[in-house]
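What the coordinates show
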Amino acid sequence: MPEKLTSRNLLNQLQTRHYTNAYAAKMKGQLVGWATSIFPQEFCETMGLTVVYPENHAAAVAAKRGALPLLEQAESEGYSVDLCSYARINLAYMKSQAAEIPIPLPDFILCCNNICNTLIKWYENIAAELNIPMILIDVPYNHGYEPTPAAIDYIKSEFGECIRQLEKITGQQFNQERFQEVMILSNENSRAWKRALDLNQAVPAPLNGFELFNYMSQMVCARGRQETGELLKLLIEELEEKIRLGKSCYEDGEKCRVMWDGIACWPHIKHNFKAFEKNGINIVCSSYPEAWVLLYEPGNLDELAKVYSMIGNNTCMEYQADKREREVKNFKLDGILFHVNRSCKVMDFMQYEQQRLVAARTDVSIMNFDGDQADPRNFAAAQFETRLEALMEIVAHNKSAKKSKEVTNNDPA
Amino acid sequence: MTQLKDLLSVLENVANNPAQVINKCLEEKRLMIGCAPEYCPEEIVYAAGMLPVGLWGGSTSIKNANLYFPAFACSLVQTTLELGMRGVYDRLAGIIVPAHCDHLKCFGQDWKVAVPQVRFIPLAHPINRKLEAAVEYLKSEYFRIKSVLEEIGGKPISDQALSEAIEIYNDHRKTLREFTTIARDYCTTITPSLRHNVIKSGYFMDKLEHTQLVNSLIRELKKAPPEEWQGKKVILTGIMAEPNEILDMFEDYGLAVAADDLAQESRQFRTDVPQGKDPLEGLARYWSCMEGCSLLYDPQKNRRFMLKTMAEESRADGVVACIMKFCEMEEFDYPIYKKTLEEAKIPLLYLELDLVTPSLEQVRTRIQSFAEMISRKR
Ligand code: SF4
Ligand code: SF4
């Protein structure tokens, strides 16, 4: 009897297919694009274009411990070690194509700065070095709670420009009907993704949160595709089943529910996972995978503009704190582990104040550690382990304090 | 000659002691608005009758700002926040903070919490700046800033006042362009550090007054014939060439400044604001017309060609990349123009600058070796 297909297996198949298909397309002489991870894929999906995602690729390279030679190559070309390691890996890969997982070089690039402005500089360099067209969708930083009407108009006008440029690059017309279909499908997938993430609100959580980072790849690379819907359906079924059986992903149950704030440390992910397991910490959610929940009314371009503009990194202090506060409550968190990621300035430079705000609004315990999403040199295992132990101590202390408070409150005297 | 010396010392004094000028402003009861790096619509502030004051950090150690920034934020944002938290800017009626880079986006949000006594006036430029929609959008941002300033000042800002401010600023730009061209011929008198201070003083003065002083300086300079320069000349490129000590090092090793491509200097004044019926639109359009800065979207990286042309036209012997440590905007551009300059055989020096923990001795050694290397060249 053939083994039952698990969502994990299907994910692996889809991801492998994603990369091989891209290569095959290039071989056949088709155009291939590179895009930033939260570019409005609706436009290129509508055009049926093959697109790969350098951030996703760099993460995969780093997780397979292939980052260092590329990082060193970038540095030898004059790139500062202080720059985002995804960018350094990709810019080096662009020249040498030396990686275990190959991706084809792009014929055009798509950039949306809703996660950072670093991307713009990085993509400018690709465009200049390869002499290829770059499409930029700039979403102005939301210093207020939401984008202004003028910002929405500007972004919509960029959508129009993006379509014009894509038509020029491909020589094909943009099909509005297909666009509508893609928007509908993308929303269905986003809803399913949100459902999968939210299932981890259950106690005990059915899924080890690190797994979310893996499933997230599919949301990055194929948010507007049917097969992603199938994968998520399978994942949801599995999670629901686990919840029904009251299964935790840790054998001895979950002692502590923690949110991982920031990107994973790909080169050390196995170590991190073991350290969590040792401490009985379950990462039940992360601020990161949620970024690919992009819900809007299909066909409503104002909403499309707004949802792509309001990615966490592109929002103001209050918005980010409100979001974290909700997560603490919904996921019944005991702690938040903040990754002070050497690569990602935009995630780090409001983080200290975020920690204070969230601590003041909730009773969650907070700890941070120094790391990097893809540069293995910027992480110290010993510090990480000590910080986890410290987090556990604070959580335990807070829990017992809370209990004794409850007892006192219940005391009829 | 004494007149020339006097003028230079006045400007230098302002650049080094902005507090004096600012006190004068307070006496005159003129409101002041801080303008954070790198591009603020100073004309709107000026039209409101207020004094725009350029805030470009300063050499200082960090005692407070580390509550907000880890050590790897650029020293411009670190030191500006530090000074703000120490109360140095308490006399300002507000601060305009653009969101050009990831550091500045966060800096503004942190400022709001860390320095609540100085009103935060945010600004987010459009990056796709060649689109007509970008002009419209930026106009809306400027309109909001104008309303905030009207509220602070308690009176409306008329279109006429805006147009006049633009004219005064364009005049100032023209004068500084002239100064930087003339300064090239008087490298003995106008040392790198003096050149910098002449420009920098403009951040703390009424532009009308600064224009007059610099014009007088130009007139005085021209009275003497161009000076023979035995040393070498370089172009400075980057955000800014501070801490101040480094410019003295250039002088020590016989290097003069042929031209600059610094955000704190020439990038502010090499383009004029287009004049037209709608002054706010002109200001917004200005952003679309500017070129050659790491903060301006440039997928062809034309900056590399501009630099090459600039080096050739000003007959510079080399280019010095003044890279503010942790500034991604500049760090990404560097490998690209490095290649272009290498191909053109134009010597290039990479200087990593830091206002917080400057490793001045290392910088000195690098400047010295570079100076020796280019002197041997021709
Ligand atoms: S890791 Fe941070 S800096 Fe790098 S691309 Fe992602 S959001 Fe930008
Ligand atoms: S120096 Fe660079 S990193 Fe710092 S504020 Fe300016 S552009 Fe941003």
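See the structure shown above.
This text gives an overview of the structure that appears in the document. None of the values given here were measured: they were computed from a predicted structure.

1. Examining the sheet that holds strand β6 (residues 255-262) of chain B
Residue and element names in this part refer to chain B. Read across the sheet, four strands follow the order β6-β5-β7-β8 without closing on themselves; strand pairing throughout is parallel. On the outer flanks of this sheet lie β6 and β8 (348-353), each paired with one strand and no other. Each strand of the sheet is rotated relative to its neighbour by a mean of 25°, with strand direction disregarded. As paired elements, strand β7 (residues 318-324) and β8 share six bridges and run parallel to each other. Within β8, the residue paired with Val 320 across the bridge is Leu 349.

2. Things to note about the interface of chain A and chain B
Each partner contributes residues to the interface: chain A has 48 residues there, and chain B has 53 residues. Of all residues in chain A, the largest losses of buried area upon contact with chain B belong to Lys121(A), His143(A) and Phe349(A), amounting jointly to 19% of the total for that side. Between the two partners, chain A and chain B, sit six salt bridges. Notably, a salt bridge pairs Asp82(A) with Lys325(B), separated by 3.5 Å at the nearest N-O pair. Counting across the interface, chain A meets chain B through 24 residue pairs in polar contact (both at pLDDT 80 or more). At the level of elements, α5 (85-96), α6 (118-130), β4 (134-137), α7 (149-170), α13 (317-330), β7 (335-341), α14 (345-348) and α15 (351-361) of chain A are the ones that each hand at least two residues to the side of chain A that touches chain B.

3. Observations concerning the sheet that holds strand β1 (residues 32-35) of chain A
Residues and elements named next belong to chain A. The strand order across the open sheet built from four strands is β2-β1-β3-β4, with neighbouring strands paired in parallel fashion. In this open sheet, the two strands that pair with only one neighbour each are β2 (50-52) and β4. Adjacent strand axes in the sheet meet at a mean angle of 25° when their direction is disregarded. In this structure, strand β3 (residues 108-112) lies alongside β4, joined through four bridges in parallel fashion.

4. Re α7(A)
In a regular helix each residue adds 1.5 Å, so 22 residues correspond to 32 Å; α7(A) covers 32 Å between its end C-alpha atoms and thus fits that length. Those residues of α7(A) that fall on the buried side of the exposure criterion are Ala150(A), Ala151(A), Ile152(A), Tyr154(A), Ile155(A), Glu158(A), Phe159(A), Cys162(A), Ile163(A), Leu166(A) and Thr170(A). Close packing links the buried residues of α7(A) with α2 (42-46), β3, β4 and α12 (301-309) of chain A together with α6 (132-153) of chain B. Immediately downstream of α7(A), the backbone of Gly171(A) shows phi near 70°, a positive value.

Conventions and cut-offs
- Each residue is numbered by its place in its chain's sequence as written, counting from 1.
- Chains carry letters and ligands carry numbers; both start at the beginning, A for chains and 1 for ligands, and go up in the order they are written.
- Two thresholds apply to this predicted model, a pLDDT of at least 70 for residue-level local features and 80 or more for giving and counting side-chain atom pairs, whereas whole-chain, interface and lining totals are computed over all residues.
- Side-chain metrics rest on all non-hydrogen atoms present in the structure, leaving aside hydrogens and water.
- Two strands pair under a simple rule: DSSP has to find at least two bridges between them.
- Each helix corresponds to a stretch of at least 4 residues labelled H or I by DSSP, and each strand to a stretch of at least 2 residues labelled E; elements are numbered beginning at the N terminus.
- To get an axis, a line is fitted to the C-alpha atoms, and for a helix only the part in contact is used. The angle between two axes follows their N-to-C directions and goes from 0 to 180 degrees.
- Contacts are residue-level and defined by heavy atoms, with any inter-residue pair within 4.5 Å sufficient.
- When two components associate, each loses some accessible surface as probed by a 1.4 Å sphere; the sum of these losses over both components is called the buried area.
- The term salt bridge refers to a pairing of a side-chain nitrogen on Lys or Arg with a carboxyl oxygen on Asp or Glu at a separation within 4 Å.
- Any pair of nitrogen or oxygen atoms within 3.5 Å is treated as a polar contact; in protein, a donor-acceptor pairing is required on top of that, and neighbouring residues in sequence qualify only through side-chain atoms on both sides.
- In this analysis, the expected span of each helix is defined as 1.5 Å times one less than the number of residues it contains.
- Exposed residues in this analysis have more than 50% of their type's maximum accessible area, buried residues have under 20%, and partly exposed residues fall in between, with area computed by a 1.4 Å probe over protein chains only.

Fair warning: the whole summary comes from geometry, so function is off the table for now.
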